[in-house]
Amino acid sequence: MKLLDNPAPASATESAPIQLPVDWVKYVIPLLLFCLVFGLLYRDGLAWLLEVWSHNDYSHGYLVPLVSLYILWEQRKRFLSLPLEPAYPALIIIIISLALLVVSRSSAFIQLEGASLFFIIPGILLLLFGRHVTRAALVPWLYLSFMLPWFDVFISHVQPYFQIFTAILGSKLLSLLYPVFLNDIYIYLPSITLEVAKECSGVSFFISVLAIGFPLVYLTQRSWSQAAVVLVLGMIITVLANSIRVAMAGILGENFGPDLLHGPAHILQGWLVAWVGWAGLFIVNWLVIKKSDRNAPRLYEHWQVQSEINTIENRTTTLSLKHTYAMLALLILLTILTHYLFPQPVPLTTPLSSLPQKIANWTGTEAKWLEQEVIFPGEEWRNQKIFFPGADEQLSRIYYSNQSTKPIYLYIAYFNKQTGQKRLISRFSRPLHKQAREIVLQHSLPVTIPPALNQTNLTQDGLPYTVFFWYQFPEGKSVTDKNMARMTALQNGIQYQKNNGAVVLVAIPQVTDTNMPPKPPESVTAFLEDFAAPIARLIP
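What comes next is a walk through the structure. (Residues numbered from 1 in each chain as written. Predicted model: local features only at pLDDT ≥ 70, side-chain atom pairs only at ≥ 80, totals over all residues. Heavy atoms only, no water.)

Notes on the overall build of the chain
What counts here: A helix here means a DSSP run of H or I that spans at least four residues, while a strand means a run of E at least two residues long, and both kinds are numbered starting from the N terminus. By definition in these notes, contact holds between two residues if any of their heavy atoms fall within 4.5 Å. Computed with the Shrake-Rupley method and a 1.4 Å probe, the accessible areas treat only the protein chains shown as cover for residues.
The helix and strand inventory of the chain stands at 16 helices and twelve strands. Residue pairs in contact within the chain that sit at least 24 positions apart in sequence constitute 75% of those at least 6 positions apart. Carbon and sulfur atoms provide 64% of the accessible area of the chain, an area that totals close to 27,300 Å².

As structure tokens, this is what we get:
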């Protein structure tokens, strides 16, 4: 349907500008207070988002709220033409969102606070403005999802396929210059071997291209089919650019050495893919615009040809101050409750350093064996020095026994209160669980030993270790699964107003025997028999 060329009747909205009889002075103060209190209530979630946006995969997050506000501004005439009908059922959405906030603060599952922040917005819009305004704000609100790292689950599932595709296409390009042998994601050249790692699959650039492409097509294209064509072609260009990037890396490595495949040159190659994808997106969008009907309304203008325009006579244009102050009072109350009723810090009654250095046949010495820059593989972890940043207390030792030829490496990190910025389960601890397997210990062992352990391998400063780890909570409770660790913190947070806990790592030089049974070596078992109970008693 197209816009009518004939003048509208005198009674139509377009015949006279809409003037809202609003005294803005009495609304500015409560709205500013509302924004301030809202920011205080979601301070942890907003700080977490700023941390997420500081990484390359979500660096577009800084622009998303601004673009969403710009879309709202471009449709301001639409909102001025809509009736204001506060919908009280919106309280259900607000209560559910606040429940997510409570769960997030109690368990330090910060992603839930991001979800609460996202879903409370339409609830507030419904309560203050009604369903017409909320429906009109649907697109800008949904676009805010690009500022949240919700796409990581999708990325993790499709990354392997794009790794293989990128390796195939990159090897085809390299075969034009060199003899090439391809094995899965490994490209063998005469002098070097390239691995198309997950970070090089190109999938992460899809999110940035879509985050920029969606508002671009929404504000410029005139049909959803044309918009879809632009977005799909933009993603295809990104995939091809990433394959060319792999080929360029192979050429640079083959001619100038492998040093150019790491550091600033590697980061620059990644940014090149993003810029090529964005440039291709704008070029394709411009070409599609040239072929479209210039008289048709653009996507954000489609509301003008729908039966949504209301006359001044049947509109309620006054924002209810009663609802505004009621919502403000609710947010203030919740902000106060989050400070006093949510988990409080629980300091150690005795410091971790009080753990005896000599127990039975074991003698320990202080050694910061985990505080090295090479703990985490890949560019993402290169600048991180510890597994658990923000830990309130840490202990790192090496224990020797006259009954064992191999030393035992011990690391404990204690959090007196888990928050969005410091917690047991975070992106920093992700490599621990990546290839970990759970080992259920024999029931014949003392009850002071955790019933199960996680086993994984870790390369530290060039030395391989076999690591056994678990999460220790008050009253001697220990868990291995990261989700159970979150649930335990949640339960303690709600029931006891504390979510303190610790992670315990016990390591030995890596066991090279691939036929090793699924149980800890005798030296680790003997160490746990002597130390598990004293460690558990340290956690208040």
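After that view of the structure, there is still more to cover.
Topic: a nonpolar patch on the surface
How we decide: Residues enter patches when they are more than 30% accessible in relative terms and free of salt bridges; like-charged ones are connected within 9 Å and nonpolar ones (Val, Leu, Ile, Met, Phe, Trp, Tyr) within 5 Å. Just to be clear on terms, a salt bridge is a Lys or Arg side-chain nitrogen sitting within 4 Å of an Asp or Glu carboxyl oxygen.
A contiguous nonpolar surface patch, about 620 Å² in accessible area, is contributed by Leu173, Leu176, Leu177, Ile244, Met248, Leu272 and Val276. Put simply, the parts of the chain that give the nonpolar patch at least two residues each are α11 (224–256) and α12 (264–291). Relative to the helices and strands, Met248 is located in helix α11.

A closer look at the nonpolar core
Keep this limit in mind: The term nonpolar core refers to a set of buried residues drawn from Ala, Val, Leu, Ile, Met, Phe, Trp, Tyr and Cys, joined through side-chain atoms within 4.5 Å. Burial classification: accessible surface area is computed with a 1.4 Å probe over protein chains only, and a residue below 20% of its type maximum counts as buried, one above 50% as exposed, and the rest as partly exposed.
Core analysis: the biggest nonpolar cluster contains 41 residues, and Tyr42, Leu98 and Met327 have the highest contact counts within it. If you list the elements that add at least two residues to this core, you get α1 (25–41), α2 (43–53), α5 (90–107), α6 (110–128), α8 (138–143), α9 (152–174), α10 (203–220) and α13 (321–340). The dominant element in this core, judged by the number of residues it contributes, is α6, at eight residues.

Looking at the pattern of salt bridges
This model, assessed by the stated rule, comprises five salt bridges. Note that Arg298 is salt-bridged to Glu301, the shortest N-O span being 3.2 Å. Owing to a relative accessible area of 15%, Glu301 belongs among the buried residues under this scheme. Through salt bridges with shared partners, a single network forms among Asp44, Arg105 and Glu113.

Side note on the environment of Ala115
Take Ala115: it is sitting in helix α6. Spatially, the C-alpha atoms of Ala115 and Ser104 are 9.5 Å apart, while their sequence positions differ by eleven residues. Beyond its immediate stretch of four places on either side in the chain, Ala115 contacts Leu100 and Trp150.

Some remarks on α5
So the rule is basically this: A helix is expected to span 1.5 Å for every residue after the first.
With 18 residues, α5 ought to run about 26 Å at 1.5 Å a step, and its terminal C-alpha atoms sit 26 Å apart, in line with that. Three or more residues of α5 are buried, namely Ala90, Ile94, Ser97, Leu98, Leu101, Ser104, Arg105, Ser106 and Ser107. Just downstream of α5 lies Ala108, where phi reads positive at about 60°.

Re the side chain of Ser116
Tracing the sequence through the fold places Ser116 in helix α6. Not counting the four nearest positions on each side in its chain, Ser116 is found in contact with Tyr42, Ser97, Leu98, Leu100 and Leu101.

Some details on the environment of Ser354
The line we're drawing: For this analysis, a polar contact is any N or O atom pair within 3.5 Å, provided that within protein one partner can donate a hydrogen and the other can accept it, and provided that sequence-adjacent residues contribute only side-chain to side-chain pairs.
Along the chain, the position of Ser354 falls in the loop between α13 and β4 (358–359). Here Ser354 falls in the partly exposed class, since its relative accessible area comes to 37%. Within the structure, Ser354 has its side chain in polar contact with the backbone oxygen of Pro351 (distance 2.5 Å).

Observations regarding the sheet that holds strand β1 (residues 181–183)
Put simply, the rule reads: For two strands to be treated as a pair, DSSP must find at least two bridges joining them. In this analysis an axis means a line fitted to C-alpha atoms, helices contributing only their contacting stretch, and an angle means the value between N-to-C directions, from 0 to 180 degrees.
Taken in spatial order, the three strands make up an open sheet running β1-β2-β3, and their pairing is antiparallel. Two strands bound the open sheet, and with one partner strand each, they are β1 and β3 (193–195). In this sheet, neighbouring strand axes are inclined to one another by 15° on average, regardless of whether the strands run parallel or antiparallel. As paired strands, strand β2 (residues 186–188) and β3 are joined by three bridges and run antiparallel to one another. Opposite Tyr186, over in β3, you have Glu195 as the bridge partner. Across the face of the sheet, α9 comes into contact with β1, β2 and β3 while running at roughly 15° to β2.

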